[in-house]
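Chain and residue survey
These are the residues of each chain, in order.
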Amino acid sequence: MISVSEDIFQELDFLAVSFLLGMLLVLVYDCLRIFRRLVRHGTGLIAIEDLCYWIMAAFVIFAMLYQKNEGLIRGFSIGGIVAGMFLYNQFISRYTVRCIAGFLEKVIHMVQKVWRLLSAPFRKAAKTVSDKGSRMADQGKKIIKYEKKRLKKIRKLIRIGISKK
């Protein structure tokens, strides 16, 4: 039997970790994409999210290189990361995002329906109170208008009485 050097196993382990890290990075970005599908936001916020993601990715890649290879950047490790990202993105990513986002949208929709059902009595009570309050406000306005007219008449009568003397 041919014995394989321990160094070869370490290099294969390093390559496998690099490959899995590439897949993990795209998985994390998929989580960001799912969040974007559920909560719509503008270009500026997307740019900030992407910037934060890539800064985090750089730190994670550096940490992996530091831990596994004493901080040395090796071509095959970067190749392993890129290959993991590419393969995950081509074969798994679209299904992951579509399925998880679809599932979460259904869950959110169902929660909204339950919330509407449970909050319906409270909304109806608030509407009733609001309607009664607006009717009372209208009546109050009518009373104030009526009282102003009465006061004007009384003031007129008093003026007439004062001017006749």
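The paragraphs below set out a description of the structure included in this document.

Conventions and cut-offs
Residues numbered from 1 in each chain as written. Predicted model: local features only at pLDDT ≥ 70, side-chain atom pairs only at ≥ 80, totals over all residues. Heavy atoms only, no water. Helix = DSSP H or I, 4+ residues; strand = E, 2+ residues; numbered from the N terminus. Rg over C-alpha atoms; globule rule 2.2 N^0.38 Å. Buried < 20%, exposed > 50% of the residue type's maximum accessible area, 1.4 Å probe, protein only. Contact = heavy atoms within 4.5 Å. Areas by Shrake-Rupley, 256 points an atom, 1.4 Å probe, with all protein chains shown as cover. Lys, Arg positive; Asp, Glu negative; His and termini not counted. Charge placed at Lys NZ, Arg CZ, Asp CG, Glu CD. Core = buried A, V, L, I, M, F, W, Y, C linked by side-chain atoms within 4.5 Å. Phe/Tyr/Trp six-rings, centres within 6.5 Å; stacked < 30°, edge-to-face > 60°.

**Digging into the overall build of the protein chain**
The helix and strand tally for the protein chain stands at three helices and zero strands. Ordered by position from N to C terminus, the α and β elements of the protein chain give α-α-α. For 165 residues, the compact-globule estimate of 2.2 N^0.38 gives 15 Å, and the protein chain exceeds it by more than 25% at 36 Å. With the principal axes as the frame, the protein chain shows a C-alpha extent of 135 × 40 × 25 Å. Counting all 165 residues of the protein chain, 18% fall into the buried class. Within the protein chain, residue pairs in contact and separated by at least 24 positions form 79% of the contacts whose partners lie at least 6 positions apart. In the structure as shown, the protein chain presents an accessible area of about 13300 Å², 69% of it carried by carbon and sulfur atoms. For the protein chain, the distance from the average site of its 29 positive side-chain charges to the average site of its 12 negative ones is 36 Å.

**Some words on the side chain of Glu 49**
Topologically, Glu 49 is positioned in helix H2 (residues 43-69). Apart from the residues lying within four places of it in its own chain, the contact partners of Glu 49 are Leu 32, Phe 35, Arg 36 and His 41.

**Topic: the nonpolar core**
Judged by nonpolar contacts, the single largest core of 13 residues is most densely connected at Leu 21, Leu 25, Ile 61, Met 64, Ile 81 and Met 85. Where this core is concerned, the elements lending two or more residues are helix H1 (6-38), H2 and helix H3 (75-164).

**Points about the packing of aromatic side chains**
Under the definition given, this model contains four aromatic pairs. Ring centres 6.1 Å apart and planes at 25° place the aromatic pair Phe 62 and Tyr 66 in the stacked group. Residue Phe 62 and its partner Tyr 66 are located together in helix H2, separated by four residues, close to a single helical turn. The exposure classification of Phe 62 matches that of Tyr 66, with both residues exposed.

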